[in-house]
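# Chain and residue survey
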Amino acid sequence: SSGINAEYGGPDKIPRYQFQMLRKYQPHGPLINAEFWTGWFDQWGDEKHANVSASAVASRLDEMLALNASVNLYMFEGGTNFGHTNGAMDHDSFDYFSYVTSYDYDAVLTEAGDTTPKYWAIRKVIQKYRTLPPGPVPPHSEKWEKSGVKVERVGSLWAMGENKGYMRLPATMEQLGVSGGFIWYVIPWSGEVIHNISLYDVHDRATIFLDGYPVGTIDRRNQANGTIDVGSRPAATAEIRVLVESLGRVNHGRYMGSDYKGITQKILVNGQPIHYAQVWVLGLTGKERLPKLILEKQPPVILPALFCGQFQGPVKPLDTFFDPSGWGHGFVTLNGINVGRYWPDVGPQVTLYAPGVYFNQNKPNTICLLEIERIPSKLTVSFVKKSNLGGSTIDQSLNF
C-alpha cells in the first residue's frame with residue numbers, strides 16, 4: 001500500500017501526538033510507525049554501551065498497539081559491522097563520529113541472537129493483542145571460550161600494502177579503487193631540518209612516522225586539521241610516512257557524497273606544501289598476502305605490524321567473543337575473514353562477536369591482528385563466552 005508512514009524514533013516520543021501529526025498529512029489510511037527505535041548505536045569514545053529502558057520500549061509499544069497501529073521494531077536483533085563496514089555520522093565538516101564494530105544496538109535480541117529483558121517485556125505486551133505461537137522460546141545459544149592463544153609478529157604493515165607509485169596530491173582511497181582500510185603516503189626528505197608536519201582535512205585518523213618512528217596522530221573525531229611539532233630533526237636524509245585509517249563512511253546526511261578517505265586536502269612540511277608522494281593502500285578484505293617473516297630478533301620499530309597464531313577451535317560451530325584486552329587499536333581476522341576493528345582503550349566496545357561458522361573444526365584456525373598502536377607484555381589473545389560492550393579497559397603494556 002502507498003501513503004505516508006510515521007518514523008518518529010524511540011520511546012521518548014508520545015505515540016498519539018506523533019500519529020496526530022501524521023493525520024494532518026494523511027487523513028485516512030493505516031497508522032504505521034515504520035521505525036520504532038528499541039535502542040541506539042554506539043560510537044567510539046562513548047562512555048558506555050547504549051541502554052534504552054525495556055519498560056519504556058514496552059510501554060510505548062503498548063500505546064501504539066492500543067491505537068491499532070502497526071509497528072516496525074528497529075532493531076529487533078542486533079547486528080555486526082564486520083570488516084570495515086561500520087558507518088559514521090557527520091553533522092558538519094568538523095563533527096564526525098565513528099560507529100563501533102558491534103551493532104548490538106541494545107536491541108530486543110543481541111547480535112548473537114540471544115533474548116534480553118527487553119524481549120520478554122515486549123512479548124508480554126504483544127500477547128495482550130495477539131495469540132502467541134505455541135512452544136518454548138529458544139534458549140541462548142551455547143558459547144565457546146579459549147584463553148592464552150599465542151600470536152607472534154610475522155611482519156610489518158608496510159610490507160602488506162599495494163604500491164600505487166608516485167602520485168600528485170591529494171590522492172584518496174576512492175581514486176585507487178579501495179573502499180576502506182588504510183592509505184599511506186611516503187615522502188622522502190633531505191636537506192632542511194624538519195620542524196613540523198601539517199595535515200589538512202584528515203579522513204579519518206592519521207599517524208605520522210618519521211624514519212619509522214611515530215611522532216603524532218591527528219584524528220578527525222577531534223579535529224580534521226592539525227600540526228605535529230617534531231622538534232628539530234636533522235634531515236640529511238629522512239623518510240616521512242603518513243598512515244591514514246578509514247574509521248567508517250558517513251552513511252546519511254548531506255556529507256555522504258564528500259566523505260573521501262585519506263588526506264583530502266594537503267600535506268605541509270615546515271609550512272611548505274608537498275605536491276607528490278609515493279602512495280600505498282591496504283584494503284583489508286582479509287585476503288591480502290601476508291608479509292614474509294622478518295628474521296629479526298628485535299626490529300628497531302615494532303609497530304604497525306601483523307601478529308598471527310594458530311589454535312584448535314571448538315569441536316562444533318559455536319559462537320564466541322574475541323577479547324583484545326591489552327592490545328591497542330587495529331583489526332582482527334579469523335581464517336582470512338575480517339571480523340572488524342578493535343579499540344579497547346577508547347571503548348565502549350571491548351569484545352568482538354565471532355560467529356561459530358568462522359571457525360574450523362577439523363583443522364587449525366589462524367588468527368591475525370593488524371596492530372597499529374600498542375601491544376601487551378604477553379602476546380596472547382582470548383575468546384570469551386560473554387560480550388563486553390560497555391566499558392573501556394587499559395592494561396599494562398608495551399608502547400611504541
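Counting from 1, residues in each chain are numbered in the order their sequence is written. For a predicted model such as this one, the threshold for reporting local features is a pLDDT of at least 70, and the threshold for listing and counting side-chain atom pairs is 80 or more; totals across whole chains, interfaces and linings nevertheless cover every residue. By convention in this description, side-chain values take in all heavy atoms of the structure and omit both hydrogens and water.

### Some thoughts on empty space enclosed by the protein
In this analysis, the protein atoms alone were mapped onto a 1 Å grid. Cavities are point sets where a 1.4 Å probe fits without being able to get out; pockets are open sets with protein on both sides within 12 Å along at least five of seven lines; lining residues have an atom within 4 Å of a point. Grid points are joined across faces, edges and corners, and a volume is the space filled by probe spheres set on the points. Taken as a whole, this structure holds 1 cavity of 30 Å³ or more when the rule is applied. The volume enclosed by the largest cavity comes to roughly 40 Å³. Lining the largest cavity are Phe182, Arg205, Thr207, Leu243, Val244, Glu245, His329, Ile372 and Glu373. Helix numbers and strand numbers start at the N terminus; a helix is a DSSP run of H or I with at least 4 residues, a strand a run of E with at least 2. Elements with a minimum of two residues in the lining of the largest cavity: β11 (205-210) and β13 (226-245). Here the lining of the largest cavity takes 3 residues from β13, the largest share from any one element. For the lining of the largest cavity, the residue count by class is 4 nonpolar, 2 polar and 3 charged. Residue polarity follows a fixed list, in which Ala, Val, Leu, Ile, Met, Phe, Trp, Tyr, Cys and Pro are nonpolar, Asp, Glu, Lys and Arg are charged, and the others, Gly among them, are polar.

### Concerning the state of the cysteines
Our working definition of a disulfide is a cysteine sulfur pair at a distance within 2.5 Å. For the structure on display, the rule yields 1 disulfide. At a sulfur-sulfur separation of 2.1 Å, the disulfide partner of Cys308 is Cys368. In this structure, the disulfide formed by Cys308 and Cys368 twists by about 110° around the S-S bond and is classed as right-handed. You can see Cys308 sitting in strand β18 (residues 305-311) and its partner Cys368 sitting in strand β23 (residues 365-371), a full 60 residues away along the chain.

### Quick notes on the sheet that holds strand β5 (residues 96-98)
Read across the open sheet, the 3 strands follow the order β5-β4-β14; overall the sheet is mixed. On the outer flanks of this sheet lie β5 and β14 (249-250), each paired with one strand and no other. Note: two strands are recorded as paired if DSSP finds a minimum of 2 bridges between them.

### Comments concerning the pattern of salt bridges
In the sections that follow, a salt bridge refers to a side-chain nitrogen of Lys or Arg positioned within 4 Å of a carboxyl oxygen of Asp or Glu. Taken as a whole and judged by the stated rule, the model has 19 salt bridges. Here Arg249 and Glu174 are joined by a salt bridge, their closest N and O atoms 2.5 Å apart. Pair noted here: Arg249 is in strand β14 and Glu174 is in the loop between β9 (162-168) and β10 (182-203), with a separation of 75 residues, a long-range link. Throughout this description, buried means an accessible area under 20% of the type-specific maximum (1.4 Å probe, protein chains only), exposed means over 50%, and partly exposed covers the range between. With a relative accessible area of 27%, Arg249 lands in the partly exposed category. Taken together, the shared-partner salt bridges connect Asp90, Asp204, Arg220, Asp259 and Lys261 into one network.

### Quick look at the side chain of Asn86
Here Asn86 shows up in the loop between β3 (79-80) and β4 (87-90). A polar contact of 3.4 Å, which involves the side chain of Asn86, links it to the side chain of Ser98. We call two N or O atoms a polar contact when they sit within 3.5 Å, provided that within protein one can donate a hydrogen and the other can accept it, with sequence-adjacent residues counted only if both atoms are side-chain atoms. In this structure the side chain of Asn86 is engaged in a polar contact, spanning 3.2 Å, whose partner is the side chain of Arg341.

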